[in-house]
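Geometric and topological summary
Chain residues, written in single-letter form:
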Amino acid sequence: MGSAGPRRHCRPGRGCRARRDRPRHALPGTGPRGAGTRGPAGREHSAGGKVQESFVRARKLDGIPACSAAPVTELPRYADAERDEISGGEPDPAGVAGTGLTWRSKEKHFGIRTRGRLVAHAGFVVVPVSVGGTRLQVAGLGGVLVAPDQRGRGLAQLVVTTAMEHAREVGLQLGLLFCRPDRLPLYQRMGWSPLEGDVRVEQPTGTVTMPLRSMWTPLHDGARWPSGPVHVLSLPM
Ligand SMILES: CC(C)(COP(=O)(O)OP(=O)(O)OC[C@H]1O[C@@H](n2cnc3c(N)ncnc32)[C@H](O)[C@@H]1OP(=O)(O)O)[C@@H](O)C(=O)NCCC(=O)NCCS
């Protein structure tokens, strides 16, 4: 696991790494494959393998670029109090309570504070899966949440890409998430791809078919989701 220190995207006195005017192909999740390949966390990997700086959009809210106020830090805990701090107490901010599913907690949590208030979170947990009969461990992303008054600034992308960067650093090859169908475009913009076919997950009552959409992302160059039926061998995250 990498440093738990803040990931800042502005350099004091040297300007902001984020570029509103940066060409779209240089944004996380939108890079062309060729001279360089897009790695996890929206980083651009040069053909020589050197990791270049991550470019993050700097959308302004109240005149403040997201990056100037948005260091991503690893959180020591993420429980109901932290979730409520972000959501304002909304009981089901992700809109998945209707599935009736039991979810597992995430192990690693990443968040953004602005003016002392927690405004964004993403977490992951190492999840055992069977794909086509082959067992592997993947980074299960979950708990992606941005405060209602902070949405549309790229904060979800920041916390998701940071979480997956840490998953990559601990050697995981693939990320997996579950989401409502209307969230597919959000994650596709970050480089995630839908998994077709049913995914089975464990519940206290036994194995069930996941009613939400499943998506995956490579955490290393060349990593690919294997073919075959997918069975998450634990509660979903
Ligand atoms: C979904 C959510 C996390 C997005 O947070 P956000 O900070 O506004 O997202 P970002 O600004 O990082 O958006 C990243 C990209 O996804 C797009 N996007 C954001 N929300 C979207 C949505 N609901 N549907 C489709 N695309 C969306 C953005 O337009 C942006 O694309 P762009 O780069 O082309 O502009 C936030 O709306 C939220 O907390 N919702 C409630 C909880 C939830 O649904 N979590 C997801 C559970 S799977």
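Note that the coordinates shown come from a computational prediction; the quantities given were computed from them, not determined experimentally.

Definitions and limits used
- Each residue is numbered by its place in its chain's sequence as written, counting from 1.
- Only residues with pLDDT of 70 or above have their local features reported here, since the model is predicted, and side-chain atom pairs are shown and tallied only from 80 upward, although totals for entire chains, interfaces and linings are computed over all residues.
- Each side-chain value is derived from all of the structure's non-hydrogen atoms; neither hydrogens nor water enter the calculation.
- By salt bridge we mean one thing: a side-chain nitrogen of Lys or Arg within 4 Å of a carboxyl oxygen of Asp or Glu.
- Only protein chains enter the calculation, and the probe is 1.4 Å; a residue is then buried if its accessible area is under 20% of its type maximum, exposed if over 50%, and partly exposed in between.
- Helix numbers and strand numbers start at the N terminus; a helix is a DSSP run of H or I with at least 4 residues, a strand a run of E with at least 2.
- The arc under discussion is defined with respect to the helix axis, by the directions toward the C-beta atoms.
- By definition, residues are in contact when any of their heavy atoms lie within 4.5 Å.
- In predicted models, pLDDT denotes the confidence assigned by the predictor to each residue on a 0 to 100 scale.
- The term polar contact refers here to a pair of N or O atoms within 3.5 Å; inside protein, the definition further demands a hydrogen-donor-capable atom paired with an acceptor-capable atom, and it admits residues adjacent in sequence only when both atoms are side-chain atoms.

Further remarks concern the pattern of salt bridges. One pass over the structure, following the stated rule, counts 8 salt bridges. For the salt bridge of Asp182 with Arg180, the shortest nitrogen-to-oxygen distance reads 2.6 Å. Judged by relative accessible area, which is 43%, Asp182 ranks as partly exposed. Between Arg213 and Glu196 there is a salt bridge whose closest N-O contact spans 3.5 Å.

All right, on to helix α1 (residues 80–87) then. Of all the residues in α1, the buried ones are Glu82, Ile86 and Ser87. One face of α1 carries all of its buried residues, which in axial projection span an arc of 125°. At its buried positions, α1 is contacted by β9 (117–131) and β10 (134–146). One or two positions beyond α1, positive phi appears at Gly88, with a value near 75°.

Moving on to the environment of Arg224. Residue position: Arg224 is located in the loop between β15 (213–218) and β16 (230–232). Between the C-alpha atoms of Arg224 and Leu174, which are 50 residues apart in sequence, the distance is 7.5 Å. The contact partners of Arg224, leaving out residues within four places of it in the chain, are Leu174, Trp216 and Pro218.

Confidence in the prediction of the protein chain, expressed as mean pLDDT, is 79, and 70% of residues score 70 or more. Below a pLDDT of 50 lies the segment residues 1–65, which in the model reaches 133 contacts outside its immediate sequence neighbourhood of four places, other chains included.

Here the focus is the side chain of Arg153. Mapped onto the fold, Arg153 is located in the loop between β10 and α2 (155–169). At 2.5 Å, the side chain of Arg153 forms a polar contact with the side chain of Gln150.

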